[in-house]
Structure formats: C-alpha cells, structure tokens
Amino acid sequence: MAKLVLGNLKKTDIERRLTIPSKSLGYFPPLRGKHTVDFNVEDESARVWKFEIYSRNKKNKYLKPVITKGWRVFVCSKELQVGDRLAFYMEEQKTGDVKYRVEVEKAVSWNSFSS
C-alpha cells in the first residue's frame, strides 16, 4: 500500500478545502482532460467518503490540486482541527482496481495534560 499524502492540516484545509501537493496528483484518479474527478475513500472505520479532486487547467503552470466536494462533511464528521495529521493511501487490488484509504491522527492537546 503506497502512502500518497501525509501532512498536518492547516486552517484553510479545515475551513474550505484540502490542498494536495502537485507531485502527488498522479497517484489519485486521473483527470482525463477534465478539471475534476470524483473518487471514493475508505476511512479507518470502513466508512466510504466521496471526494472530488479539482485541478487548474493544464495550460496553467501551477495545477494546485485540491479536494473539494465531500471534504467539509468529512472534516466536520471527524471533528478535525488545525494540526491534526492526515494520510492518504492507495492500494492496487488483484482485479486491477485501485482502492483509496484515509487515516486521521488527532493532534495532542496540551490541555489534556493539565491536572
């Protein structure tokens, strides 16, 4: 299973959309000449989420891919906050299909250590 994206969430990631590094775009479902593509992602509890990747036109030097549709529902459902870590994984199935997974690691709050 290949790890595609790993990072700490920022304010924009929580409030609007998840920015994906351009170099990781090739590991997600191909855009095939379009600006968007929908794909399903399974979380650690086996719930399937439907996301949409949006990327600028290939004529533009900077593609700036982002996950838009479905992202805010995921953020709210998981109660994600700035600093939480997120990892996407891709696994090729024996059938040739590709399965995507997402894992969330909550940031440690120093308030939880107070007595």
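Remember, predicted model here, so these are calculated numbers, not experimental data.

What counts and how
- The residue numbers shown here count from 1 along each chain, following its written sequence.
- Where local features are concerned, this predicted model is filtered to residues with pLDDT of at least 70; where side-chain atom pairs are given and counted, the filter is 80 or more; whole-chain, interface and lining totals use all residues.
- As a rule here, side-chain values come from all non-hydrogen atoms in the structure, and water together with hydrogens is ignored.
- Each Phe, Tyr or Trp ring, with Trp reduced to its six-membered ring, pairs with another whose centre is within 6.5 Å; inter-plane angles below 30 degrees give stacked pairs, above 60 give edge-to-face pairs, and intermediate values give tilted ones.
- A run of H or I in DSSP counts as a helix once it spans at least four residues, and a run of E counts as a strand once it spans at least two, with each numbered from the N terminus.
- The buried label applies to any residue whose accessible area, calculated with a 1.4 Å probe on protein chains only, is under 20% of its type's maximum; exposed applies above 50%, and partly exposed to all values in between.
- The pairing criterion is simple: DSSP has to find at least two bridges between the two strands.
- Every residue pair with non-hydrogen atoms within 4.5 Å of one another is taken to be in contact.
- Each axis is a line fitted through C-alpha atoms, and for a helix only the stretch in contact is used; angles between axes span 0 to 180 degrees, taken between their N-to-C directions.
- In this description, the arc belongs to the directions extending from the helix axis to the C-beta atoms.

Caption draft 1: Region of the structure containing the packing of aromatic side chains. In total, this model carries ten aromatic pairs according to the counting rule given. When the ring of F28 is compared with that of Y100, the centres are 6.0 Å apart and the planes differ by 10°; the resulting orientation is stacked. One end of the pair, F28, is in the loop between β2 (18–19) and β3 (36–42); the other, Y100, is in strand β7 (residues 98–105), and 72 residues separate them in sequence. Y100 carries the same exposure label as F28, and that label is buried. Ring geometry for F51 versus F88: centroids 6.4 Å apart, planes at 75°, classification edge-to-face. Of this pair, F51 sits in strand β4 (residues 48–54) while F88 sits in strand β6 (residues 85–92), and the two are 37 residues apart along the sequence.

Caption draft 2: Here's a closer look at the sheet that holds β4. One open sheet holds the seven strands; their spatial order is β1-β6-β7-β3-β4-β5-β2, and the pairing between them is mixed. Each edge of the open sheet carries a strand with a single partner, namely β1 (2–8) and β2. For β4 and strand β5 (residues 66–67), the ladder comprises two bridges, and the chain directions are antiparallel. For Y54, the partnering residue across the bridge sits in β5 and is V66. Here helix α2 (residues 71–78) sits on the sheet and contacts β2, β4, β5, β6 and β7; the angle it forms with β4, its principal contact strand, is near 135°.

Caption draft 3: How the structure looks around α2. Looking only at α2, the buried set comprises W71, F74 and V75. Axial view of α2: buried residues confined to an arc of 100°, hence all on one face. Buried residues in α2 make contact with α1 (11–15), β2, β4, β5, β6 and β7.

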